[in-house]
Amino acid sequence: MDSIQYLDPTTQFVLFSILKVMLVFAVAMTGVAYSVLVERKVSAWIQDRPGPNRVAPFFVEFIPVIGPWLTRLGIFQPMADGLKSFLKEDYTPSYVRKVYFWLAPAIACVPSLMTLAVIPFGSTLGNPANKMVIADLNVGILYSFGIVSLGVYGIVLAGYAANSKYPFLGGIRSSAQMISYELAMGMSVVAVFLLVGDLNLSSVIQYQSGGLHQWLIWKQPLAFVIFMIAAFAETNRLPFDLPESETELVGGYHTEYSSMKFALFFMGEYAAMIAASGMMVTLFLGGWSSPFGSEPANTMLGGLIHIGWFLAKVAALMVVFIWTRWMLPRFRYDQLMDLGWRRFIPLALANILVTALIVAFTHK
Amino acid sequence: MSTKVVDRAPLTFYERTYLPAILGGIKVTSKHLFNTLVKGKAVTMEYPEQKWVVPDGYRGAPYLVKDQEGATKCVSCQLCEFVCPPKAIKITPPGPEGQTADRTNAEKMPKEFEINMLRCIFCGFCQEVCPEEAIFLQKDYSLTGLSREEMIYDKEKLLKLGGTHAGIQKWKHKLEEAQEQETFPVAKP
C-alpha cells in the first residue's frame, strides 16, 4: 500500500476508481445472480414448494451437514443458470431487424448498471479523500434519472426489432408506462431535495446520518411511497409487469430472444431492481449510515461496516420487491395509466407544495 | 332475451387506495411462507426420494411369476403373445426335444420369454388371458434404461422382477373342484 502514496493524485484517483468500478460491477453481478435465486426461493416458499434444491458441484456432498444444507438452499443454482444461459442455442429468427435485435439487450442492460455509479455504497475506507462512490457527482440524481430513462430504449427496441405482435405490444406498453411513472418518480424526489438543499447523493446521506429518526422516510413518507411504486413500474416488476405479462403477451418484449441475449434482459431487470433499491436506500433510508447514527468512517473496519449496512438495506428492499410479486395481481392497462397520471402526479405535486411551504416558513 | 344488470357497489375510498388488497396479500403470502419455511409443509413430493403409494389394482409392468415352490408357472402356450395388442411379447417355445417344465402338472416351459417394455401398453390382456396365472401386471411404473435393447426384458429378468406369486393357486383349486366332483351328488346335510 505504501507505494501508492508516492504516485501523483491523478494516478491514485484513476487506480482507485478502476478498483471501485470493478468491485461494484462484481458485487452487482453477484447480487443479480443471487436475487434471481432469492426470487425463485421466495416464490417457491409462498407457493408451498421447496424451490431449487438439487444443483451442487460434486464435492459438496462430501462436506458434512453444511454441504447438503447449502444444496437444499440452492446456493449453487445461479452458477448452473449462468452456465446454461451461455450454452443454450442463440437463435435469431429470420424475420427480425438484425441490428436492433442485437443492440437491444445491451441497451436494456447497460443503463441499470450505469445508475449504480452515483450511488454511495459506503462512507470511506479510512482515507477521507476516497469516498466509497464511483462518481461523486454534484448532480447525481439528475444523472441517474437521465440514465434510467434510457432504459426504456432497450425494451422499445427489443419490441420493435422482434418484428412480431407480442413483443411489439410489450414495447409499446413499456414506453407508455415508463414515461408516465418517470414523472411521478422525479416529482417525488423534488421534495426530498427541497429538504436537503443539495442534489449530491452523498449530502443526502450526510443529512440522514444522525440515526433512524433522521431518515427521510419519516419526513417524506408520501414521497417514499410514490417513489417506491414508481420504481416498481420503472423496473417492470409486478404488479406493473405489463411489458412482460407472460399470460397475455407470452413474455412480451423478450419473446423472440434466447440464450445470453435473453439473460441480458433478465440481468438488466434485476440490476435495475438493485439500482432502484440502492436509490431508495440512499434517498429515504439513510444510505450507508447505521440506524444508530454514524459519522464517515476513519478506519478500514468502520468503512466496511458502513458498506455492510448499505448492502443489508438493499437486500431487504430486494426482498420487498420480490415478495410484492406474489402479493398483488397485475394492473389493467387503464388502471396503470390512471394510477400514474391521476393519482401520483397530483399527489407528488401537492407534496412538493406542502414541503416547499414548510421549508419556506421554517428556514431562516 | 333479457339482460340482468349486476349491481356492483362502488368501491369505498379505503378500497380505492388498494390498501385492503395489499394487506390481504401480505397476510396470505406470509402465512404460506411461514407454513413452508418454518413448519415444512411444502406440498411437493420430492420424487426419487419419496415415492407415491401405488394403489391396489394399478396396472404397472407385466412380469412373470413363480409358484409357491419357486417353479416357473408359464407353460409357453403363447396365448399372451397372440392377444398382446402392441405385439410386445415374444415367446420362444422349447420345441419337441426342449427342456421340460420344472414343475409337475405341466409339460413345458418357455425357452425364452421377452417383453419389450417400450412397446407394452400396460393393458393387462396378458394377465387376463393367461390360463396358468403366470403373468401379472405389477406395481412398477418407472422403467428406465440406457438403450432400446436394455428395455427388452428377458425371461430371467422377468421372473426375478415378478417374484413368487402364491396368492392364486389354480391347480390346487382345480384339484379341490375335481375332488368335489367325485363325491357328487353332494351329501344332503
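Residues numbered from 1 in each chain as written. Chains lettered and ligands numbered in written order. Predicted model: local features only at pLDDT ≥ 70, side-chain atom pairs only at ≥ 80, totals over all residues.

**Q** I would appreciate a short explanation of the overall build of chain B in the present structure.
**A** A tally of helices and strands in chain B yields 6 helices and 5 strands. Mapped from its N terminus to its C terminus, chain B presents α and β elements in the order α-α-β-α-β-β-α-β-β-α-α. When each of the 189 residues of chain B is scored for burial, the buried share is 18%. Across chain B, every contact between residues at least 6 apart in sequence was considered, and the portion connecting residues at least 24 apart equals 73%. (Helix = DSSP H or I, 4+ residues; strand = E, 2+ residues; numbered from the N terminus. Buried ≥ 20, exposed ≤ 12 C-beta atoms within 10 Å, placed from the backbone. Contact = placed C-beta atoms within 7 Å.)

**Q** Just to check I follow, could you spell out the environment of Thr12(B) for this structure?
**A** Within the secondary structure, Thr12(B) is located in the segment before α1 (13–16). Remark: the alpha-carbon pair of Thr12(B) and Pro131(B), spanning 119 residues in sequence, is separated by 76 Å.

**Q** What is the right way to look at the interface of chain B and chain A in this model?
**A** Quite often, the size of an interface is put as the accessible area lost when its parts meet. Taken together, the 14 residues of chain B in the interface contact 10 residues of chain A. Residue composition of the side of chain B that touches chain A, grouped by class: 7 nonpolar, 6 polar and 1 charged. (Nonpolar A, V, L, I, M, F, W, Y, C, P; charged D, E, K, R; others polar.)

**Q** Which parts of the structure should I look at to understand the pairing of strand β3 (residues 112–116) of chain B?
**A** Put simply, side chains in a regular strand alternate between the two faces of the sheet. Residue and element names in this part refer to chain B. Only one face of β3 is buried, namely the one carrying Phe 113 and Ile 115, since none of Glu 112, Glu 114 and Asn 116 on the opposite face is buried. Across 2 bridges, the pairing between β3 and strand β5 (residues 152–153) is antiparallel. Looking at β5, one finds that Asn 116 is bridged to Ile 152. (Pairing = 2+ DSSP bridges.)

**Q** I tried to follow the nonpolar core on my own but got confused; where do I start?
**A** The tendency in soluble globular proteins is for nonpolar side chains to be buried as a group. Within the largest apolar cluster, 90 residues are counted, with the highest numbers of intra-cluster contacts made by Phe227(A), Ala230(A), Ala271(A), Ile274(A), Met280(A) and Leu283(A). Of all the elements, helix α12 (residues 259–284) of chain A adds the most residues to this core, at 17 residues. Ignoring any residue separated from it by four or fewer positions in sequence, one finds Phe227(A) in contact with Met185(A), Ser188(A), Val189(A), Met280(A) and Leu283(A). In terms of nonpolar packing, the next biggest core, distinct from the first, is built from 24 residues, Cys84(B), Phe113(B), Cys130(B) and Leu158(B) among them. (Core = buried A, V, L, I, M, F, W, Y, C linked by C-beta atoms within 7 Å.)

**Q** Whenever I open this one, the domain arrangement of chain B confuses me. Can you help?
**A** Partitioning chain B into domains gives domain 1 (12–43) and domain 2 (62–166). If you average the C-alpha positions of domain 1 of chain B and of domain 2 of chain B, the two centres end up 56 Å apart. (Domains from an automatic or database assignment.)

**Q** Hey, could you run me through the sheet that holds β5(B) in this one?
**A** Strands in a sheet are paired, the pairing made by backbone hydrogen bonds, and the direction either parallel or antiparallel. Residues and elements named next belong to chain B. Here 3 strands make up an open sheet; going across it, the order is β2-β3-β5 and the pairing antiparallel. Across the chains shown, the open sheet's two edge strands, defined by having one partner strand only, are β2 (89–92) and β5. Relative to β3, β2 runs antiparallel, the two sharing 4 bridges. Bridging from a neighbouring strand, Thr 92 pairs with Glu 112 of β3. With respect to the sheet, helix α5 (residues 155–162) is in contact with β3 and β5, its orientation differing from that of β3 by roughly 75°. (Axes fitted to C-alpha atoms, helices over the stretch in contact; angles between N-to-C directions.)

**Q** Explain unusual backbone geometry to me, please; I cannot follow it from the model alone.
**A** With the exception of glycine, the majority of residues adopt a negative phi angle, and the majority of peptide bonds are in the trans configuration. In this structure, Val65(A) takes a positive phi of about 60° despite not being glycine. Along the polypeptide, Val65(A) turns up in the loop between α2 (9–46) and α3 (66–73). Its identity as a non-glycine residue notwithstanding, Lys87(B) has a phi of 55°, on the positive side. By the element assignment, Lys87(B) lies in the loop between α3 (79–83) and β2.

**Q** How should I be thinking about the packing of helix α6 (residues 140–162) of chain A against helix α7 (residues 165–196) of chain A in this particular structure?
**A** Relative placement of two packed helices is described by the angle separating their axes and the distance separating the axes. Residue and element names in this part refer to chain A. Close contact between α6 and α7 brings their axes to 8 Å; oriented N to C, the two are set at 170°. One element, α6, and the other, α7, form an angle in the roughly antiparallel class. Residues Ile 141, Phe 145, Ser 149, Val 152, Ile 155, Val 156, Ala 158, Gly 159, Tyr 160 and Ala 162 of α6 form the contact with α7, whose own contacting residues are Pro 167, Phe 168, Gly 170, Gly 171, Ile 172, Ser 174, Ser 175, Met 178, Glu 182, Gly 186, Val 189 and Phe 193. Its residues assigned to classes, the contact of α6 with α7 comprises 14 nonpolar, 7 polar and 1 charged. (Parallel < 35°, antiparallel > 145°, perpendicular 65-115°, else oblique.)

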